[in-house]
Amino acid sequence: MTTRHRTSPASTGGSFAPGSTGTGPEVAQSRGYGTDAYQRQSTAARRASALSAEGFTVTVVGTPAERQQYMDETRARLGGFDHPDVAADAGDTQFEMTENYKLAGIPRPPHNRRPYVLVNADEHVLDLIGGRRREQTEPDEPTMKPGKVPLAHGGVLVIPEADQLSAHAMDALRQPRTEGVVRIARAHETAEFPAKSGMILGASRCEKCGKHPCECAGAFGRMNRNRLSAVVISSHMNVDLAEPDDSPDVDTNVEAVAYRTNLQRAERQRGYPAARMSPEVTRGREFPESQRAIESTMNSHERHTVVQVAQGLQDMDGHSTNKPLQDAYVAEAVRMRMVRQPAGR
């Protein structure tokens, strides 16, 4: 028997009210923005945090305490983000989330809040992507439970110690990151669970050289570098949490809500977030003349990722989705793809 877990727009049973688009400080405070942790983050860290809620993958490099602080603040901000109901497939996403949680046998988050799913370093791959047995309540239902990756559909999957995951578990993250689904094949059944989410992946600096990725020579350096799979290395953005706040005069309460408002508006105009731009779409986006030299050094995947991030950054600052890619945003996207080492490290 082959069972595919799919959804239909007609099954949503109605629409969901869009979230508030207010931008005042009182709205920000009521949603949990503007904590001390968020105030201390660099501009790059704050912008990456906002984009993670839009389906982007972010690798954050720092000590366990730095990473925990960043993820706690992201969760607080995410809890204040109304679920996106502006895209053409918003009703589908809500229904898919409900189905995933129903099959897992646990209550789903409120309809106006995004899921925030934490993954431990010792997570078994069956708990990560799914595949454990469940009792059917309806004849055509899968007999396999979705794992934590499908449960993060429409929200953010957080892995504080991604560089400690097993190679098997890290490899299992490739498909949801690139295709937005989890497919599980067994001899008697094939199940498919929607899994479009942002990811925050935590990684540590090397204990010897203090760098990430490790720059140590010999077998020790190779072992450290090999602990990260291509999923982490090919993240949309990489942020070093040791970077100081470079914009101390910015009101981060207002900034956080403005980012969300602008991203919602762009998603409404385009019909999907920048993180879901297909290779066909990104190939049609031309680099500014000043960035052509950098573009010539990129392979197709790197260019695709840089265009997605640059478009997301433009969206976040309120530019029209039809506006050509701007030099400043392409340069920022290229910088965020790199793991920058703060002075003294």
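Residues numbered from 1 in each chain as written. Predicted model: local features only at pLDDT ≥ 70, side-chain atom pairs only at ≥ 80, totals over all residues. Heavy atoms only, no water.

**Overview of the pattern of salt bridges**
The condition is simple: Only one rule defines a salt bridge in this text: a Lys or Arg side-chain nitrogen within 4 Å of an Asp or Glu carboxyl oxygen. Residue burial is assigned from relative accessible area. The probe radius is 1.4 Å, only protein chains are included, and a residue is buried under 20% of its type maximum, exposed over 50%, and partly exposed in between.
Under the definition given, this model contains 17 salt bridges. R174 serves as the salt-bridge partner of D171, at 2.5 Å between the closest nitrogen and oxygen. A residue is classified by how much of its surface remains accessible, and D171, at 42% relative accessible area, is partly exposed. By relative accessible area, which is 34% here, R174 ends up partly exposed. Here R292 ties to E286 by a salt bridge, and the two come within 3.8 Å at their closest N and O atoms. Residue class for R292 comes out partly exposed when judged on its relative accessible area of 32%. Several salt bridges share partner residues, and in doing so they unite E286, E289, R292, E295 and R303 into one network.

**Brief notes about the nonpolar core**
Our working rule: For the purposes of this section, nonpolar cores are sets of buried Ala, Val, Leu, Ile, Met, Phe, Trp, Tyr and Cys residues that join through side-chain atoms within 4.5 Å. To qualify as a helix, a DSSP run of H or I must reach at least 4 residues; to qualify as a strand, a run of E must reach at least 2; elements of each kind are numbered from the N terminus. Residue contacts are counted whenever heavy atoms from the two residues lie within 4.5 Å of one another.
With 35 residues, the main nonpolar core has V60, Y70, M237 and L313 as its most contacted residues. Listing elements by their share of this core, those giving two or more residues are α3 (43–52), β1 (57–61), α4 (64–79), β5 (156–159), β9 (237–240), α12 (252–270), α15 (300–316) and α16 (327–337). Element by element, the count of residues in this core is highest for α15, at six residues. For M237, the contacting residues outside a window of four places in its chain are A48, L51, F56, T57, V58, T59, V309 and M336. Counting 27 residues, the second-largest nonpolar core is a separate cluster that includes V119, A152, A172 and I184.

**What about α12?**
Short version of the rule: The span you would expect from a helix comes to 1.5 Å times its residue count less one.
When the terminal C-alpha atoms of α12 are compared, their 27 Å separation across 19 residues agrees well with the 27 Å that a helix rising 1.5 Å per residue should span. By the criterion of burial, α12 is predominantly enclosed, with 14 of the 19 residues buried. Remark: G271 follows α12 within two positions and exhibits a positive phi of approximately 95°.

The quantities given are spatial measurements derived from coordinates; they are silent on function.
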